[in-house]
Amino acid sequence: MSFIYLLMILMLAIFLGFELIRKVPATLHTPLMSGANAVSGITLIGAIAYSGNENLLLAQILGSVSVFLATINVVGGYMVTDRMLAMFKSK
Amino acid sequence: MLNTELIINAVYVLSAALFILGLKLLSHPSTARRGNKLSATGMLVAICVTLIDQNILAYEWIIVAIVAGSAVGAFIAKKVQLTEMPEMVSLLNGVGGLASLLVALAMLETDTAIDSYLVIIVLLAIGIGGITFSGSVIAWAKLSGKVAKLISSGSTVFSGQAFVNAFIVIAIFVLGALVVIYPQTANSTVYVYSFVALCIVLGVMLVIPIGGADMPVVISLLNSYSGLAACAAGMALNNNLLIVAGALVGASGIILTSVMCKAMNRSLINVLFSGFQTVKATEIKIEGEVKPLAADDAYYVLEAAQSVVVIPGYGMAVAQAQHAMKELQVLLEENGAEVVYGIHPVAGRMPGHMNVLLAEADVPYELLLEMDEVNARMANFDVAIVIGANDVVNPAAREIKGSPIYGMPIINADLAKNVFILKRGMASGFAGIENPLFFKDNARMIFGDAKDTINAIIRQFAG
């Protein structure tokens, strides 16, 4: 059952995503993409548990590299998006 | 035990809400920055609360990885030139894909007895992650031109490529099936790592045949994949927030991909696989004469103009002409003219690339108009200045039935009263197609570096 429940969340999130992103103006498409890079760094929260598990060295290494990479996405993505959005000024 | 899990999941709900609100605020430039900050806050609380997870026995490795990742991320974000945003987004797509691949592998290594449906999802996360990773690296290489000798920025096709690809796909499915059927045998590790290797090879094979002009589509699509990889990892790990965030990213990439494809009047299938078709040499000769104009003479026309539309392309970024253009815009406005910018969806090398470069040059976002808006008013513009754009203003898309770009929506610069084309020489654009715009009666070519040309006009205004 839990799989079906996850599938339900997935379906709702996809439709919500379409509705929200349709409204993003073309002017902001580059920040949208770099922001999406940051959000996809969410993998980090899945990787943390493996990185902190000392019982299995291989999984710990894989998890830690994953934490490292996902953090690059999170920090790099949000920072560069902020840098760009700060430049969009009104008249 | 139950309590920490409950707290973690409750905070995840909050994080998901912040991600969604952040995206909602991205619907207008005036609120977008706040939206990005909300989204970042959502991420921060999600990461912090995950650290109380009972499965975490030691924090040393986590802390080292987070600190190192933050340092690298902050360094890149500060150093990157905005002209290089396509390269950066491409690299981050790849990094995201690899992160999802590794976390899925870690799960396979840790959990010894998992249901076969879960194994399928884990393999899906590995597959999408692997393709995203290697595909993005190739896209990055093509965009940056740094490994030009190894990977051409154009399309790379060799004989039997379709056959090789089909073989790889079949092998991936066979290996995947073996992993699912025999998860606990000694061979399964071999199967898993062969599966990983083949997915990475497939990513390379899928992107090498795609030409440089189609990179905006490829980056958007890989952006979507990086989200879907996170999504699949979330399904496997039973993690709601991963699913929601991954789905949002996936949806975003898919929408951008479709916007890009529509703007090129091509289907996604055509973009992904057209490298395999032999290009028909179109023998359409355009009659007429190109009329060059000196920058000094362009000044007299601009000085008298009431309304001017600027149509930028990637050439503007290459010449770094956006700051000079902003200077000229101010002079024209002081002279009583209205200046707007008409931006084609595929101008530049990624969606919205031109807008960011112009925003960097302090051009107010109200002046950045979309294609349909400027086209509706085109006949009323006294002057259209085309800077480093070519295919997106090519009237062959409207006029010449046999042209490869026939049917593509373009900015109708040729319908303005005067058209100035700032260009280095007569070379054709990415698509390699002759441009009849250059031969029109109302068109004048101003040859030379775009920045130097604009500066020459600025000097005339000052003098």
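These numbers were taken from a predicted model, which means no experiment stands behind them.

Visitor: Explain the overall build of chain A here, please?
Guide: Within chain A, the secondary structure is distributed over 4 helices and 0 strands. Starting at the N terminus and ending at the C terminus, chain A contains elements arranged as α-α-α-α. Against the 2.2 N^0.38 benchmark of 12 Å for 91 residues, chain A shows a C-alpha radius of gyration of 17 Å, more extended than a compact globule. With respect to the three principal axes, the spread of C-alpha positions in chain A is 60 × 35 × 10 Å.

Visitor: Hey, could you run me through the overall build of chain B in this one?
Guide: The helix and strand tally for chain B stands at 17 helices and 6 strands. Referenced to the eigenvectors of the C-alpha coordinate spread, the extents of chain B come out at roughly 80 × 50 × 35 Å. When burial is assessed residue by residue, chain B has 51% of its 463 residues classed as buried. Nonlocal contacts in chain B, meaning residues at least 24 apart in sequence, comprise 79% of its contacts between residues at least 6 apart.

Visitor: How should the interface of chain B and chain A be read in this particular structure?
Guide: Accessible area lost on assembly of the parts is the figure often given for the size of an interface. Listed per partner, the contact involves 96 residues of chain B and 77 residues of chain A. Here the residues of the side of chain B that touches chain A are counted per class, giving 61 nonpolar, 27 polar and 8 charged.

Visitor: Sorry, what's going on with unusual backbone geometry here?
Guide: What is expected of a backbone is that most residues other than glycine have negative phi and most peptide bonds are trans. All names here are of chain B. Non-glycine residue Asn238 carries a positive phi angle of around 65 degrees. Relative to the elements of secondary structure, Asn238 occurs in the loop between helix H8 (215–237) and helix H9 (240–263). One non-glycine residue, Asn265, lies in positive phi territory at about 55 degrees. Looking at the secondary structure, you find Asn265 in the loop between H9 and helix H10 (268–273).

Visitor: Even after reading the chapter, I still don't get the domain arrangement of chain B, so can you show me in this structure?
Guide: Residue and element names in this part refer to chain B. In terms of domains, chain B is made up of domain 1 (1–79), domain 2 (84–276) and domain 3 (295–462). With 16 residues of domain 2 at the contact, the number on the domain 3 side is 13 residues. The set of elements that each furnish at least two residues to the side of domain 2 that touches domain 3 consists of helix H4 (85–110), H8 and H9. Here the side of domain 2 that touches domain 3 is built from residues that sort into 13 nonpolar, 3 polar and no charged.

Visitor: Which parts of the structure should I look at to understand the pairing of strand E5 (residues 418–423) of chain B?
Guide: Looking along a regular strand, one sees side chains alternate from face to face of the sheet. Residues and elements named next belong to chain B. The buried count for E5 comes to 5 of 6 residues, which makes it a mostly enclosed element. Strand direction decides the pairing type here: strand E4 (residues 383–387) and E5, joined by 5 bridges, are parallel. Opposite Ala384, over in E5, you have Val419 as the bridge partner.

Visitor: How should the packing of H4 of chain B against H8 of chain B be read in this particular structure?
Guide: Packed helices, taken two at a time, are described by the angle between their axes plus the distance between the axes. All names here are of chain B. Look at H4 against H8: their axes get within 9 Å of each other, and the N-to-C directions meet at 20 degrees. Compared by their axis directions, H4 and H8 come out roughly parallel. Regarding H4 and H8, the two cross each other, and that crossing is left-handed. Contacts from Pro86, Val89, Ser90, Asn93, Gly96, Gly97, Ser100, Val103, Ala104 and Met107 in H4 reach Met215, Ile219, Leu222, Asn223, Tyr225, Ser226, Ala229, Ala230, Ala233, Ala236 and Leu237 in H8.

Visitor: In this structure, what is going on with the packing of helix H1 (residues 2–22) of chain A against H9 of chain B? I would like to understand it.
Guide: As a packed pair, H1 of chain A and H9 of chain B sit with axes 8 Å apart at the nearest point and diverge in direction by 40 degrees. Taken as axis vectors, H1 of chain A and H9 of chain B run oblique relative to one another. Crossing angle aside, the handedness with which H1 of chain A passes H9 of chain B is right-handed. In this structure, H1 of chain A contributes Leu6, Ile9, Leu10, Ala13, Ile14, Gly17, Phe18, Ile21 and Arg22 of chain A to the contact, and H9 of chain B contributes Asn240, Ile243, Val244, Ala247, Leu248, Gly250, Ala251, Ser252 and Ile255 of chain B. Taken together, the residues of the contact of H1 of chain A with H9 of chain B sort by class into 13 nonpolar, 4 polar and 1 charged.

Visitor: What's the story with the sheet that holds strand E6 (residues 443–447) of chain B in this structure? I'm lost.
Guide: Each strand in a sheet pairs with another by means of backbone hydrogen bonds, the pair being arranged parallel or else antiparallel. Residues and elements named next belong to chain B. Read across the sheet, 6 strands follow the order E3-E2-E1-E4-E5-E6 without closing on themselves; strand pairing throughout is parallel. Each edge of the open sheet is held by one strand with a lone partner, namely strand E3 (368–370) and E6. Sheet twist, expressed as the average angle between the axes of neighbouring strands with direction ignored, equals 25 degrees. Two elements, strand E1 (residues 307–312) and strand E2 (residues 338–343), share 4 bridges in a ladder whose sense is parallel. By the bridge assignment for E2, Val310 is matched with Tyr341. Across the face of the sheet, helix H13 (residues 322–334) comes into contact with E1, E2 and E4 while running at roughly 145 degrees to E2.

Visitor: What is the right way to read the nonpolar core from this model?
Guide: Nonpolar side chains in soluble globular proteins tend to end up buried together. Formed by 201 residues in total, the largest nonpolar core has its most connected members in Ala104, Phe195 and Val386 of chain B. The residues touching Val386 of chain B, leaving out its near neighbours within four places in the chain, are Ile311, Val393, Ala413, Val419, Phe420, Ile421 and Leu422 of chain B.

Visitor: It is not clear to me how helix H17 (residues 450–462) of chain B should be interpreted in this structure. Could you clarify?
Guide: The α-helix winds at 3.6 residues per turn, so residues separated by three or four positions along the chain end up facing the same way. All names here are of chain B. Taking 1.5 Å per residue as the helical rise, H17 with its 13 residues ought to reach 18 Å, and the 18 Å between its terminal C-alpha atoms agrees with that figure. Along H17, the residues that are buried comprise Ala450, Thr453, Ile454 and Ile457. Down the axis of H17, the buried set is contained in an arc of 95 degrees. They therefore lie on one face. Facing away from the buried surface of H17 by more than 90 degrees, the exposed residues are Arg459 and Ala462. Of the surrounding elements, those touching the buried residues of H17 are helix H11 (295–304), helix H12 (314–319), H13, E4, E5 and E6.

Visitor: Which parts of the structure should I look at to understand the environment of Ala245 of chain B?
Guide: Here Ala245 of chain B lies in helix H9. Residues Ala245 of chain B and Ala16 of chain B, 229 residues apart in the sequence, show an inter-C-alpha distance of 7.1 Å. Not counting residues within four places of it along the chain, the set of residues in contact with Ala245 of chain B comprises Val39 and Ile42 of chain A together with Phe19 and Ala230 of chain B.

Visitor: I would appreciate a short explanation of the environment of Ala462 of chain B in the present structure.
Guide: Residues and elements named next belong to chain B. Structurally, Ala462 can be placed in helix H17. Here Ala462 falls in the exposed class, since 8 other C-beta atoms lie within 10 Å of it. Taking C-alpha positions, Ala462 is 8.6 Å from Leu331, a pair spaced 131 residues apart along the chain.

Visitor: Sorry if this is basic, but what is going on with the confidence of the model for chain B here?
Guide: Any segment with low pLDDT has predicted coordinates that should not be analysed in fine detail. All names here are of chain B. When pLDDT is averaged across chain B, the result is 90; 93% of the residues are at 70 or more. When mean pLDDT is compared element by element in chain B, helix H2 (residues 29–50) scores highest at 97, while H10 scores lowest at 85. Here the predicted complex carries an ipTM of 0.97, next to a pTM of 0.92.

Visitor: How do you make sense of the environment of Gln306 of chain B when you look at a structure like this?
Guide: Residue and element names in this part refer to chain B. By secondary structure assignment, the location of Gln306 is in the loop between H11 and E1. Sequence separation between Gln306 and Ala337 is 31 residues, and the spatial gap between their C-alpha atoms is 4.3 Å. With residues up to four places along the chain from it excluded, the contact list for Gln306 reads Ala337, Glu338 and Asp382.

Rules of the game
Residues numbered from 1 in each chain as written. Chains lettered and ligands numbered in written order. Predicted model: local features only at pLDDT ≥ 70, side-chain atom pairs only at ≥ 80, totals over all residues. Helix = DSSP H or I, 4+ residues; strand = E, 2+ residues; numbered from the N terminus. Rg over C-alpha atoms; globule rule 2.2 N^0.38 Å. Buried ≥ 20, exposed ≤ 12 C-beta atoms within 10 Å, placed from the backbone. Contact = placed C-beta atoms within 7 Å. Nonpolar A, V, L, I, M, F, W, Y, C, P; charged D, E, K, R; others polar. Domains from an automatic or database assignment. Pairing = 2+ DSSP bridges. Axes fitted to C-alpha atoms, helices over the stretch in contact; angles between N-to-C directions. Parallel < 35°, antiparallel > 145°, perpendicular 65-115°, else oblique. Left-handed = near helix turned anticlockwise from the far one by under 90°. Core = buried A, V, L, I, M, F, W, Y, C linked by C-beta atoms within 7 Å. Expected span 1.5 Å × (residues − 1). Arc of directions from axis to C-beta. pLDDT = per-residue confidence, 0-100.

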